[in-house]
Amino acid sequence: MDFDVSVIVPVYNASKYIEETLKSILNQNFTNFEIIIINDGSTDNSLEIIKKTLKDSKVSNKIINQNNQGVSKARNIGIENAQGKYVIFVDDDDIIAENHISCLYENGKNNDGSFTEMLKITEKGSIIDNQELYLAIQEKSSILSIDLIKLELNMEIPFSFCQIMYKNNLIKEKFNENAIYGEDTEFALKNLIHMKYLGICDKPTYFYRQRENSATKKADFKRFEIVNIFENLAIYYQKHNHDDLAEIIKTKRIPKAIFGNLMYFFYNNYDYSQTMDKMDKMNLFEKLKNFKGESKFSFKIKLFLLNPKLYYKTWKKFKDEIS
């Protein structure tokens, strides 16, 4: 059978959320789609819940079991098994509105794909933010994929890969199974370059669950690995004759990613010396110097590079005073 859309859902130990997630998919006002669930070696009762939830469903579905190999491998297995003309992804703890698939499909069927807004929800499902569609694309019915890429690289619209519906035959790159962090961003930004126009949904249809985990103080700096992702992406864009995008990555996206993650580590009380050591080993101080853009952010970078220790102490004092 030919499907209009394949919905790929990787699952790992999601027993607390997977029933709600699947029910939101099953409750779509769209009919011609399939669900592909990849159980990535769950050790809880996720598989049992999945089977029970899908038992009496009329929606075509497939459950693929594999040993725990990571979410990227699971998503790639889903892509390999997708029979739909278009592909969308839903994570195992998120929720989609009943018109998620129909909105993406109706706006994307005459294009290479489509894009919807995502709202964050609490662990219990309450909406955290409820802003209107991003101003940069508000009231537009479609957008050039190259323009959407630029909006992301300039951090005007930071988006998730799961906000996009991809034309199956235009998925030229799979998820990087060796990436430590940022493989989903890499997937979206690589594949968008092979698409031309994306339709745009007029209302948010994807709801991303923010889990209530306390910030860890363990010195785990994998977030900095996003820099490697963007450096590889710049090379990829150059190979596909988009030197302009590669330049934006080097002069804006990478410095902003470094500084943004640096603030994350400061805010969550990561050890200062270990943070600076990691930055030094990854040559991130030099990469920060490449920033070209708005003067306010440029000034922050210059202050930090002038005296990182003083910047940290001043920032921490200010934080402590307002907290």
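Here the structure is shown first, and the text comes after it.
Cut-offs applied
- Residues numbered from 1 in each chain as written.
- Predicted model: local features only at pLDDT ≥ 70, side-chain atom pairs only at ≥ 80, totals over all residues.
- Heavy atoms only, no water.
- Core = buried A, V, L, I, M, F, W, Y, C linked by side-chain atoms within 4.5 Å.
- Buried < 20%, exposed > 50% of the residue type's maximum accessible area, 1.4 Å probe, protein only.
- Helix = DSSP H or I, 4+ residues; strand = E, 2+ residues; numbered from the N terminus.
- Contact = heavy atoms within 4.5 Å.
- Pairing = 2+ DSSP bridges.
- Axes fitted to C-alpha atoms, helices over the stretch in contact; angles between N-to-C directions.
- Disulfide = S-S within 2.5 Å.
- 1 Å grid on protein atoms, 1.4 Å probe; cavity = no way out; pocket = protein on both sides within 12 Å on 5 of 7 lines; lining within 4 Å.
- Points joined across faces, edges and corners; volume = space filled by probe spheres on them.
- Nonpolar A, V, L, I, M, F, W, Y, C, P; charged D, E, K, R; others polar.
- Phe/Tyr/Trp six-rings, centres within 6.5 Å; stacked < 30°, edge-to-face > 60°.
- Lys NZ or Arg CZ within 6 Å of the ring centre and 35° of its normal.
- Expected span 1.5 Å × (residues − 1).
- Bend = angle between axes of the 7 residues up to and from the residue.

### Side note on the nonpolar core
Then, number 1: Grouped together as the largest cluster of nonpolar side chains are 98 residues, with contacts concentrated most on Val5 and Tyr237.
Then, number 2: The element contributing the most residues to this core is helix H8 (residues 243-267), with 12 residues.
Then, number 3: Ile95, Ala97, Leu119 and Phe207 belong to the second largest nonpolar core, which has 5 residues in total.

### Structural notes on the environment of Tyr208
Then, number 1: Within the element layout of this structure, Tyr208 appears in strand S11 (residues 206-209).
Then, number 2: Residue Tyr208 is classed as partly exposed on the basis of its relative accessible area of 31%.
Then, number 3: C-alpha of Tyr208 to C-alpha of Leu119: the two residues are 89 residues apart in sequence and 6.1 Å apart in space.
Then, number 4: Setting aside residues up to four positions removed in sequence, Tyr208 forms contacts with Asp94, Met118, Leu119, Lys120 and Ile121.

### Some points on the sheet that holds strand S9 (residues 164-167)
Then, number 1: Spatially, the 8 strands line up as an open sheet ordered S3-S2-S1-S4-S9-S6-S10-S8, and their pairing is mixed. Two strands close off the open sheet at either side, each with one partner strand: strand S3 (60-66) and strand S8 (142-144). The mean angle between the axes of side-by-side strands here comes to 25 degrees, regardless of whether they run parallel or antiparallel.
Then, number 2: Bridge count for strand S2 (residues 33-40) against S3 is 7 bridges, and the pairing is parallel. Directly across from Ile35, in S3, lies its bridge partner Asn61.
Then, number 3: Here helix H4 (residues 100-108) sits on the sheet in contact with strand S1 (3-11), S2, strand S4 (84-89), strand S6 (113-115), S9 and strand S10 (197-200), set at roughly 125 degrees to S6.
Then, number 4: Together, S4, S9 and S10 form the strand contacts of helix H6 (residues 183-192), whose direction differs from that of S9 by roughly 50 degrees.

### Some thoughts on the pairing of S11
Then, number 1: Examined bridge by bridge, strand S5 (residues 95-96) and S11 share 2 bridges and lie antiparallel to one another. Across the sheet, the residue bridging to Ile95 is Phe207, located in S11.
Then, number 2: Relative to S11, strand S7 (residues 118-121) runs parallel, the two being bridged by 4 bridges. Following the sheet pairing, Ile121 is matched in S11 by Arg209.

### Topic: unusual backbone geometry
The phi angle of most residues is negative, glycine excepted, and most peptide bonds adopt the trans form.
Then, number 1: At Met155, a position not held by glycine, the phi torsion is positive, near 60 degrees.
Then, number 2: Within the chain, Asn283 stands out as a residue other than glycine whose phi angle is a positive 60 degrees.
Then, number 3: Assignment of secondary structure puts Asn283 in the loop between helix H9 (272-281) and helix H10 (284-288).
Then, number 4: Among the residues examined, Asn283 registers a relative accessible area of 38% and is labelled partly exposed.

### So, the sheet that holds S7
Then, number 1: Taken in spatial order, the 3 strands of this open sheet run S5-S11-S7, and their pairing is mixed. A strand with exactly one partner marks an edge of an open sheet, and here the two such strands are S5 and S7.

### Topic: the state of the cysteines
Then, number 1: Across all of its chains, the model carries 1 disulfide by this definition.
Then, number 2: Here Cys103 pairs with Cys201 through a disulfide, and the sulfurs are 2.4 Å apart. One end of the pair, Cys103, is in helix H4; the other, Cys201, is in the loop between S10 and S11, with 98 residues separating them in the sequence.
Then, number 3: Relative accessible area serves as the criterion here: at 1%, Cys201 is assigned to the buried category.

### Examining the layout of surface pockets
Then, number 1: Empty space within the second largest pocket amounts to approximately 220 Å³.
Then, number 2: Phe259, Met263, Lys300, Leu303, Asn307, Leu310, Tyr311, Thr314, Trp315 and Phe318 together form the lining of the second largest pocket.
Then, number 3: Among the elements of the structure, H8, helix H11 (295-306) and helix H12 (308-322) are those that each provide at least two residues to the lining of the second largest pocket.
Then, number 4: Per-element tally for the lining of the second largest pocket: the top contributor is H12, with 5 residues.
Then, number 5: Residue classes in the lining of the second largest pocket are distributed as 7 nonpolar, 2 polar and 1 charged.

### Considering the packing of aromatic side chains
Aromatic ring pairs are reported here in terms of the distance separating the ring centres and the angle at which the planes meet.
Then, number 1: One pass over the full model with this rule turns up 28 aromatic pairs.
Then, number 2: Ring geometry for Tyr86 versus Tyr105: centroids 6.0 Å apart, planes at 80 degrees, classification edge-to-face. Placement of Tyr86 in strand S4 and of Tyr105 in helix H4 is noted, with a sequence separation of 19 residues between them. Comparing Tyr86 with Tyr105 shows no difference in burial state: the two are buried.
Then, number 3: Centroid distance Phe259 to Phe297: 5.4 Å. Interplanar angle 80 degrees. Geometry classified as edge-to-face. You can see Phe259 sitting in helix H8 and its partner Phe297 sitting in helix H11, a full 38 residues away along the chain. Assigned by exposure class, Phe259 and Phe297 land together as buried.
Then, number 4: In this arrangement the basic side chain of Arg223 is found over the ring face of Tyr264, its NZ or CZ atom lying 3.8 Å from the centre.

### So, H8
Then, number 1: With 25 residues, H8 extends 35 Å between its outermost C-alpha atoms, agreeing within 8% with the 36 Å of an ideal straight helix rising 1.5 Å per residue.
Then, number 2: The largest bend in H8 comes to about 40 degrees, at Ile249.

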